[in-house]
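Summary of the model geometry
Listed below are the residues making up each chain.
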Amino acid sequence: MRQSRAFIPTLKESPADAEVASHRLLLRAGFMRKVASGIYDFLPLGTAVLRRIMDIIREEMKAAGAQEVLLPILQPRELWEESGRWSRYGEEMMRLKDRSGREFGLGPTHEEMITDLVRSNTGSYRDLPLNLYQIGPKYRDELRPRFGLLRGREFIMKDGYSFDRDEEGMLESYRAMYEAYGRIFTRCGCAWRAVEADTGLIGGDVSHEFMVPAEIGEAQIAYCDSCEYAANLEKAGYRRETPRGPRPDLRPQEAHTPGKRTIEEVSGFLGVEPRMMIKCLMYLVEDRPVAVLLPGDREANEAKLARALGTETFRLFAPEDWERFPLYLQGFVGPVGLEGARVIADQGLQEAADLVCGANRVDHHLLHVSPGRDFQVDAYCDLGTALEGDACPRCEAGRLRREAGIEVGQIFQLKTRYSLPLRAFYRDERGESRPMVMGTYGIGVSRLMAAVVEQNHDDRGMIWPEELAPADLHILPLDWSREELREEAEALYREARERGLEVLLDDRDERAGSKFADADLIGIPWRAVIGREFLKTGRLELQARRDGEKSLLSRGELLERLTVKRHPAARGKISAG
RNA sequence: CGGGGCGUAGCGCAGUUUGGUCAGCGCGCCGGCUUUGGGAGCCGGAGGUCGGAGGUUCGAAUCCUCUCGCCCCGACCA
């Protein structure tokens, strides 16, 4: 590609509304442009990178036995009624009507569509297993699109679905996808981590997320510094230490705590460590009050709470709830003598003794309280959020660490979550009808592109990993008006392309500084500089974008070196478009 | 949806408090000359219904009302 004719509108200044590196650099380097909140055009360079990511995905999917399909974005309401998600998906689904009033949704995901396709075209155990995937745009009307490609309303996604005869088969499909995902993210130049993930109430019981560590990541993960354990914070377990005070023999005793409502205030006032207190949170669960108990130093984890309660319709008491239930005194609620509320407690309190909690009387707390003896608990569950430094739930020695990450993929063991309601059945060897056992596997393709930039940039621009770069070589003749330089650049351009390299030739009549600045911004991994050195010695300068390392080479040596570096499989078929 | 902020040329911004030489600056763009290893200099030029609608006024980018869009924080989130 000749840069003079390429559509690469770079910007010297950052657009004002770009906060994170990937967003800012992708705009500045002319890879994309914003159309509306959370909606972007991909320009030629951005498209080239997406194409390379998709090529990697296609190769790995093919190797893992999956077949590519392409399903409509426009999905009829009736299908979503069948799975119950037309109403459940809520405002996040973009909806529209055709001229005759028929309703459609723009696909946020394709479980219904794929299940419909498979159920009506497979009937026998001989048709299974089946693993289908597609790559295309998805639509989610996010409450708050942000960070450019990291949370958009229209984005490119690879979504895949496996259909097996039974659970063992599904586990096999799941494992194959897990491994393929690891290869994909590695080839994309990412440091990544697979973590155990929450499935919500929808997706069966086992799920993994693939996380790319990044400061600006919206997901929080916990991992063990000693073993392989890693989990989304919503799911992360930890080994509990039971808080037991020195006097479990004493009976509860009231203490005057004037105006002390928070754990911190009471702890300071009474000189008791937060972990020796009972945090009592009032939740409104399906319109009824529930008391949620935790050790005083723990935050409640609402994803875990949803699982424990078996519903997602709950909220922490709001001001109007405190008014509606005047029996409960904000700041002084406690489980002892609490009336009219279910009580669920974190497992960490199960064997605890001699703690401090609210007395259900204004300005008073209770000392020497022991669960079980002084109050009843309806259920003990895992409700707390893991903290940095907690003991690992899997191994003896490990401590948990926390990290922020960008979720670039997630895989689910769906089992029969969709095949039952959508009646995707097959006949087994004995002619009996059985539901297909499914898995679903997603990769945020456009988000992955942004995640790669978050991990691969410096203050001057992006630094593309070789497999994803929009080109393999960037040729910079520093003075286009000098014929010798021009001729050498043209020769290199021609010969590099003959060797199957994708090349960007900066044939613009620009000054050296501008060419360097744009080249740094765009981030093609290898740069051939043709300038002063060539005029003096006939050598070219090969520079690595990542570390700036330079070597002086003849044209032939330079070509040889790059041809060897080039990944043989992924190149050469990208130039269309 | 709650809180905060912002819409003025392709991009970045000043001007709005106090209505009247306020249609401006830098970058970019076009033309010319000089330059040419890290975003050059000089000269000349094009480009804006000041987000939109309505109102107040002799007069509105500026004041008022409504509206649309965008960003940040929060709530929420396969």
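Residues numbered from 1 in each chain as written. Chains lettered and ligands numbered in written order. Predicted model: local features only at pLDDT ≥ 70, side-chain atom pairs only at ≥ 80, totals over all residues. Heavy atoms only, no water.

Concerning the overall build of chain A
- Assigned secondary structure in chain A consists of 14 helices and 31 strands.
- Judged by the C-alpha coordinates and their principal axes, chain A covers about 95 × 65 × 50 Å.
- Scored against the burial criterion, the 577 residues of chain A give a buried share of 53%.
- Across chain A, every contact between residues at least 6 apart in sequence was considered, and the portion connecting residues at least 24 apart equals 70%.
- Summed over all atoms, the accessible surface of chain A reaches about 26,200 Å², with 47% contributed by carbon and sulfur. (Helix = DSSP H or I, 4+ residues; strand = E, 2+ residues; numbered from the N terminus. Buried < 20%, exposed > 50% of the residue type's maximum accessible area, 1.4 Å probe, protein only. Contact = heavy atoms within 4.5 Å. Areas by Shrake-Rupley, 256 points an atom, 1.4 Å probe, with all protein chains shown as cover.)

Describing the pairing of strand 15 (residues 288-295)
- With seven of eight residues buried, strand 15 is to be regarded as a mostly interior element.
- Summarising the sheet, strand 14 (residues 278-285) and strand 15 pair through eight bridges and their orientation is antiparallel. The residue bridging leucine 284 from the neighbouring strand is proline 289, located in strand 15.
- Hairpin connection of strand 14 to strand 15: two residues between the antiparallel strands, including glutamate 286 at a positive phi of 45°.
- Sheet topology note: the strand 15/strand 17 (residues 342-346) ladder contains four bridges and is parallel. Each residue of the ladder has a partner; that of alanine 291, found in strand 17, is valine 343. (Pairing = 2+ DSSP bridges.)

Things to note about the protein's contact with RNA strand B
- In the vicinity of RNA strand B lie 40 residues, with Glu13, Arg140, Arg144, Arg511 and Asp520 positioned nearest.
- The sugar and phosphate moieties of RNA strand B supply 49% of its atoms located within 4 Å of the protein.
- The contact in question runs from a base oxygen of RNA strand B to an N or O atom on the side chain of arginine 28, over 3.1 Å.
- At a separation of 2.9 Å, a base oxygen of RNA strand B approaches a polar backbone atom of arginine 532. (Near = heavy atom within 4 Å. Polar contact = N/O pair within 3.5 Å; in protein donor to acceptor, adjacent residues only side chain to side chain.)

Thoughts on the packing of aromatic side chains
- If you walk through the whole model with that rule in mind, you get 13 aromatic pairs.
- Taken together, a centroid distance of 5.6 Å and an interplanar angle of 40° make the contact between phenylalanine 185 and phenylalanine 210 tilted. On the criterion of sequence distance, the pair formed by phenylalanine 185 in helix 6 (residues 167-187) and phenylalanine 210 in strand 10 (residues 206-213) is long-range, its members being 25 residues apart. Across the pair, exposure class does not vary: phenylalanine 185 and phenylalanine 210 are buried alike. (Phe/Tyr/Trp six-rings, centres within 6.5 Å; stacked < 30°, edge-to-face > 60°.)

As for the domain arrangement of chain A
- What the domain assignment lists for chain A is domain 1 (21-208 + 412-454), domain 2 (253-381) and domain 3 (471-566).
- Computed from C-alpha atoms alone, the centre-to-centre distance between domain 1 and domain 3 is 40 Å.
- Taken residue by residue, the interface counts six residues in domain 1 and five residues in domain 3.
- Between domain 1 and domain 3 the total buried area reaches about 450 Å² when both faces are included, carbon and sulfur atoms providing 66% of it.
- There are one salt bridge connecting domain 1 and domain 3.
- One salt bridge connects arginine 52 with aspartate 472, and the closest N-O pair in it is separated by 3.6 Å. (Domains from an automatic or database assignment. Buried area = accessible area lost by both parts, 1.4 Å probe. Salt bridge = Lys/Arg side-chain N within 4 Å of Asp/Glu carboxyl O.)

Regarding the environment of leucine 43
- One can find leucine 43 in the loop between strand 2 (39-42) and helix 2 (44-63).
- The class of leucine 43 is buried, set by a relative accessible area of 6%.
- Counting along the chain gives 10 residues from leucine 43 to arginine 33, while the straight-line C-alpha distance between them is 7.5 Å.
- Here leucine 43 is in contact with Phe7, Pro9, Gly30, Phe31, Met32 and Arg33, once residues within four sequence places are set aside.

Brief notes about the sheet that holds strand 5 (residues 95-97)
- The strand order across the open sheet built from three strands is 4-6-5, with neighbouring strands paired in antiparallel fashion. With one partner strand each, in any of the chains shown, strand 4 (74-76) and strand 5 form the two edges of the open sheet. Across the sheet, the mean angle from the axis of one strand to that of its neighbour is 40°, orientation sign disregarded.
- Strand direction decides the pairing type here: strand 4 and strand 6 (residues 103-106), joined by three bridges, are antiparallel. Bridge pairing in strand 6 places proline 76 opposite phenylalanine 104. (Axes fitted to C-alpha atoms, helices over the stretch in contact; angles between N-to-C directions.)

Comments concerning the sheet that holds strand 17
- The five strands lie next to each other as 16-14-15-17-20, forming an open sheet whose pairing is mixed. Strands at the two margins of the open sheet, each flanked by one partner only, are strand 16 (314-316) and strand 20 (379-381). Neighbour to neighbour, the strand axes of the sheet diverge by 30° on average, direction disregarded.
- Along the sheet, helix 8 (residues 302-309) makes contact with strand 14, strand 15, strand 16, strand 17 and strand 20, crossing strand 16 at roughly 135°.

Notes on the environment of glycine 136
- Relative to the helices and strands, glycine 136 resides in strand 7 (residues 130-139).
- Residues glycine 136 and phenylalanine 155, 19 residues apart in the sequence, show an inter-C-alpha distance of 8.1 Å.
- Beyond its immediate stretch of four places on either side in the chain, glycine 136 contacts Phe155, Ile156 and Met157.

Quick notes on unusual backbone geometry
- Between leucine 128 and the following residue, proline 129, the backbone shows a cis peptide bond with an omega angle of 0°.
- If you trace the backbone, proline 129 turns up in the loop between helix 5 (111-119) and strand 7.
- Phi is positive for glutamate 286, which is not a glycine, with a value near 45°.
- By the secondary structure assignment, glutamate 286 is in the loop between strand 14 and strand 15.
- For glutamate 286, a relative accessible area of 52% gives the class exposed.
- Phi angles above zero are rare outside glycine, and aspartate 287 is one such case at about 75°.

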